[in-house]
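What follows is each chain in one-letter form.
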Amino acid sequence: MRWENLSPESEHSRADSALFGADAVTTRTFDTPEFAGITFHEIRARSIVNRVPGASRMPFEWTVNPYRGCSHACVYCFARKTHSYLDLDTGLGFDSQIVVKVNAPELLRHRLASRGWRGEHIAMGTNVDCYQRAEGRYRLMPGILAALRDHANPFSILTKGTLILRDLPLLRQAAEVTDVGVSVSVGFVDEGLWRTVEPGTPAPERRLDVVRTFTEHGIGCGVLMAPVIPFLGDRPEQLRAAVRAVAASGATSVTPLVLHLRPGAREWFMSWLGRHHPHLVARYERLYADGAYAPKWYQRRITRQVHELAQEYGIGPTHTEMPHRLRAAEAAGPPTAEPTEPTQLTLL
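Residues numbered from 1 in each chain as written. Predicted model: local features only at pLDDT ≥ 70, side-chain atom pairs only at ≥ 80, totals over all residues. Heavy atoms only, no water.

Named according to an unreviewed UniProt entry, the protein is Rv2578c family radical SAM protein originating from Streptomyces edwardsiae.

Set out below in structure tokens:
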């Protein structure tokens, strides 16, 4: 493995200086059903707050990613390519070889206390899910959230994991002093599709239960309806079922995002498609002939349909909006009113 190729400037590109050395890696396996077939590489990283490359479409500048690789095993995951920087396989290896930055909380606390840090927004869950199964064992997020809370540093989280509910008290505490955004990713509610393309994730309905719980506790939660998968999850009745379920969960917003197939993810997804839906391979090759993104006309069509359904079911603005922060009265006990001021924290 080429551990030395991790860049301190960005986890999205290679560089000469290393985030950690090979002698700092401890490899473990655990003999429990939930971790069967998964190998963990525990490392002590040299950096945890990463700047997003300037060419990125992401609407934020800084990220924290305590893990690399993801046991959610989503066949379309755009982050698969990052495993190749370590000479790890971007297919099954991405699903089962998980890099754990065991010192992430202390690194973040040190960075937030540094003179050069200006309190910029930090996004989490934008590369791989910080609430994947590994978090249940390594418990990195409580320390990360506590550091952000203690420094009143604004942040947002995007997740498919229900484990985020464990940290609800910390998130409420943070929301008393800074801007906190939470989004849950639910691209569809079709159980057959879920089992084949997101085999390691909680069921869509369980993820929507997360939205309900956050709403009940005064933290507005948006839904990133992603990905909308062409020809498999984009039929009008499928979109309607998804938006209806999102509305019933009490989500503050719903934001559709059509499947994109970057290098690394594209090869793995197309291989899966050839095995499960060979009749769709040619249609995908045409639809994605010009690159990683579906044509603008297709994206606009999906966005229009979802926006119209959101309006029909009474969901708020169709960009992801989160509460500015909890009011003092809300922080003291069960919420009795909606947060007063939203702030836009769109996650892609």
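Peer 1: I'm lost on the pattern of salt bridges in this one. Help?
Peer 2: Where charged atoms from two side chains of opposite charge come close, those side chains can pair. Tallied over the entire structure, the rule returns 16 salt bridges. Notably, a salt bridge pairs Arg212 with Asp209, separated by 2.6 Å at the nearest N-O pair. Separated by three residues within a single helix, Arg212 and Asp209 lie in helix α7 (residues 204–216), roughly one turn from each other. The class of Arg212 is partly exposed, set by a relative accessible area of 23%. On the basis of relative accessibility, which here comes to 34%, the residue Asp209 falls in the partly exposed class. The shortest N-O distance in the salt bridge between Glu312 and Arg240 comes to 2.8 Å. Here Arg240 lies in helix α8 (residues 236–249) and Glu312 lies in helix α11 (residues 296–312), a separation of 72 residues in the sequence. One network of salt bridges, in which partners are shared, links Arg109, Arg149 and Asp150. (Salt bridge = Lys/Arg side-chain N within 4 Å of Asp/Glu carboxyl O. Helix = DSSP H or I, 4+ residues; strand = E, 2+ residues; numbered from the N terminus. Buried < 20%, exposed > 50% of the residue type's maximum accessible area, 1.4 Å probe, protein only.)

Peer 1: Help me understand empty space enclosed by the protein, please; the structure alone is not making it clear to me.
Peer 2: Here the idea is plain: a probe the size of a water molecule rolls over the atoms and shows the empty space left. One pass over the structure, following the stated rule, counts one cavity of 30 Å³ or more. Volume-wise, the largest cavity comes out at about 390 Å³. If you trace the largest cavity, you find 25 residues lining it, with Tyr76, Cys77, Phe78, Lys160 and Ser185 closest to the centre. Of all elements in the fold, only β8 (155–159), β10 (221–228) and β11 (254–258) reach the threshold of two or more residues within the lining of the largest cavity. Per-element accounting of the lining of the largest cavity gives the leading share, three residues, to β10. Class assignment for the residues of the lining of the largest cavity results in 16 nonpolar, seven polar and two charged. (1 Å grid on protein atoms, 1.4 Å probe; cavity = no way out; pocket = protein on both sides within 12 Å on 5 of 7 lines; lining within 4 Å. Points joined across faces, edges and corners; volume = space filled by probe spheres on them. Nonpolar A, V, L, I, M, F, W, Y, C, P; charged D, E, K, R; others polar.)

Peer 1: Whenever I open this one, unusual backbone geometry confuses me. Can you help?
Peer 2: That bond from Ala226 to Pro227 is cis: its omega, -5°, falls within 30 degrees of zero. Mapped onto the elements of the fold, Pro227 is located in strand β10. Positive phi outside glycine occurs at Ala73, with the angle close to 60°. Within the element layout of this structure, Ala73 appears in the loop between β5 (67–68) and α1 (92–96). Positive phi values are uncommon outside glycine, yet Ala152 reaches one of about 50°. Structurally, Ala152 is set in the loop between α4 (141–150) and β8.

Peer 1: Would you mind going over the pairing of strand β9 (residues 180–185) with me for this structure?
Peer 2: Each regular strand displays side chains that alternate between the two surfaces of the sheet. β9 sits mainly inside the fold: six of its six residues count as buried. Neither face of β9 is left uncovered, since the one carrying Val180, Val182 and Val184 and the one carrying Gly181, Ser183 and Ser185 both have all their residues buried. The parallel pair β8 and β9 is bridged by helix α5 (residues 168–175), and the resulting crossover is right-handed. Where β9 meets β10, four bridges bridge the pair, whose relative direction is parallel. Directly across from Val182, in β10, lies its bridge partner Cys221. (Right-handed = clockwise from strand over helix to strand, strands pointing away. Pairing = 2+ DSSP bridges.)

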